Amino acid sequence: MNSAPVILLVLVGLVVLFGVGVVLYNRRKAAPQQSLEAPVDVVVAEPEPELEPAPGVVRRFARAAGVFNGSFAVLRGKDKITSETWEELEETLLRADVGLATTTALLESLKARVGRKDISNPQELLDALQGEMAGQLSSNSRELQFDSSVKMPNIWLFVGVNGVGKTTTIGKVAFAQKALGRSVLLAAGDTFRAAAGEQLETWAQRAEVPIVRGSEGGDPSAVIFDAVQSAAANNRDLVLGDTAGRLQNNSNLMEELKKVRRVAEKEAGTVTEVLLVIDATTGQNGLSQAKQFTLATNVTGVVLTKLDGSAKGGIVFAIETQLGIPVKLVGLGETIGDLVPFNPEEYVRELFAEA
Ligand SMILES: Nc1nc2c(ncn2[C@@H]2O[C@H](COP(=O)(O)OP(=O)(O)OP(=O)(O)O)[C@@H](O)[C@H]2O)c(=O)[nH]1
Ligand SMILES: [Mg+2]
């Protein structure tokens, strides 16, 4: 009768053994599973084919220029020039921010040619428009002016209303000019707010160039003057001068810029470029700002920024026909390499390229 506890003990022992066995079996089974996960991780770490490669600067330029594609495709599909053709053309040009004055002039000229039977179908009309638009772009030099004959630093000033991209453009230009072998110095002439100097300092670090800063609320001309003196003393080639996009009293901004320019040339430097920075996304507003700046300072070129985020690339024509100033550089993003020289032939070709 004493066998009952023994049987119970044996049973418990068997259950425990079975349990341990199951756990061990599961562990062993789990082990290869874990080692299988490693290759899965590797697969995940490989470039994902679904992910679109980051669009390069060239592609962004083509995309910005491709604003006419849709409407022109519709026009190309027709075989007669009708009043609708003209409406479609006008609407497309205005939508791309070519501007009313420039659009009207372009269409007048084309209507005259259709009247003379020079042009007889929509395809010829578009070809003629392309030719006219290409012809409207300035024949002035788009090269950044650098006078190496003077034995003093060249100064390039960057002007424009706040937020257009002056400071960012200076960082990009510093990087590009340094790559060309020039020794560059940045001048933090925007003393309107402390953050402006810090922002330029960050760009100086990225481009690995020195910077001269003043105090917040200080005299911008004094900063430029100090920067030019420093550049001259250290045989630097080029000073890139940042300026404020606004002052406490906006009407003083133009006077301030005139003074900055005067002071920059007072002793050791020569201003060879005054680059007006215009934000492409502001459209025709940018144009009226530009007029004010050209009146106050002798603007030598335009930098058109944010063309990567804009369907308003037509502003190039408005700027060049109405101000007569060449667009020299185009900004296509926020990083240091996102700046390209403006190539008018390529731009017009892209505008009229069939999608
Ligand atoms: N997408 C895009 N953004 C840009 C470009 N250029 C500048 N930006 C952005 O525009 C914003 C304003 O640029 P800033 O360089 O600070 O402009 P700013 O003219 O110096 O402005 P203020 O100092 O306020 O007068 C920033 O967020 C920049 O990153 C460009 O070409 N493309
Ligand atoms: Mg700035």
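Numbering of residues starts from 1 in every chain and runs along the sequence as written. Here the convention is simple: chains get letters from A, ligands get numbers from 1, in the order in which they are written. Where local features are concerned, this predicted model is filtered to residues with pLDDT of at least 70; where side-chain atom pairs are given and counted, the filter is 80 or more; whole-chain, interface and lining totals use all residues.

Draft legend 1. Looking closely at the pairing of strand S7 (residues 327-331). Burial analysis of S7 places 5 of its 5 residues in the buried class, the great majority of the element. We treat two strands as partners when DSSP finds at least two bridges between them. The secondary structure listing takes helices from DSSP runs of H or I that are at least 4 residues long and strands from runs of E that are at least 2 residues long, numbered from the N terminus. Pairing between strand S6 (residues 301-305) and S7: 3 bridges, direction parallel. Residue Val302 lies in a different strand from S7, and its bridge partner there is Val327. One ladder, built from 3 bridges, connects S7 with strand S8 (residues 339-341); its direction is antiparallel. Bridge pairing in S8 links Leu329 to Pro341. Around each residue's C-beta, the other C-beta atoms within 10 Å are counted; 20 or more make the residue buried, 12 or fewer make it exposed, and counts in between make it partly exposed. All C-beta atoms are placed from the backbone.

Draft legend 2. Quick peek at the site of ligand 1. We call a residue near a molecule or strand if the C-beta atom, set from the backbone, is within 6 Å of it. Within the structure, ligand 1 sits among 21 residues, and Asn162, Gly165, Thr168, Gly245 and Gly331 are positioned closest to it. The element that contributes the greatest number of residues to the shell around ligand 1 is helix H7 (residues 166-179), accounting for 3 residues. Across the shell around ligand 1, the residue classes break down as 4 nonpolar, 11 polar and 6 charged. When residues are sorted by character, Ala, Val, Leu, Ile, Met, Phe, Trp, Tyr, Cys and Pro go into the nonpolar class, Asp, Glu, Lys and Arg into the charged class, and all the rest, Gly among them, into the polar class.

Draft legend 3. Representation of the pairing of strand S5 (residues 270-279) in the model. Of all 10 residues making up S5, 8 are buried, and the element is well covered by its neighbours. The sheet contact formed by strand S1 (residues 154-159) and S5 spans 6 bridges and is parallel. Across the sheet, the residue bridging to Asn154 is Thr270, located in S5. Sheet topology note: the S5/S6 ladder contains 5 bridges and is parallel. By the bridge assignment, Leu276 is partnered in S6 with Val302. By the criterion used throughout, a crossover qualifies as right-handed when its path from the first strand across the helix to the second strand runs clockwise, the strands pointing away from the viewer. Each parallel crossover has a hand, and for S5 linked through helix H11 (residues 284-296) to S6 it is right-handed.

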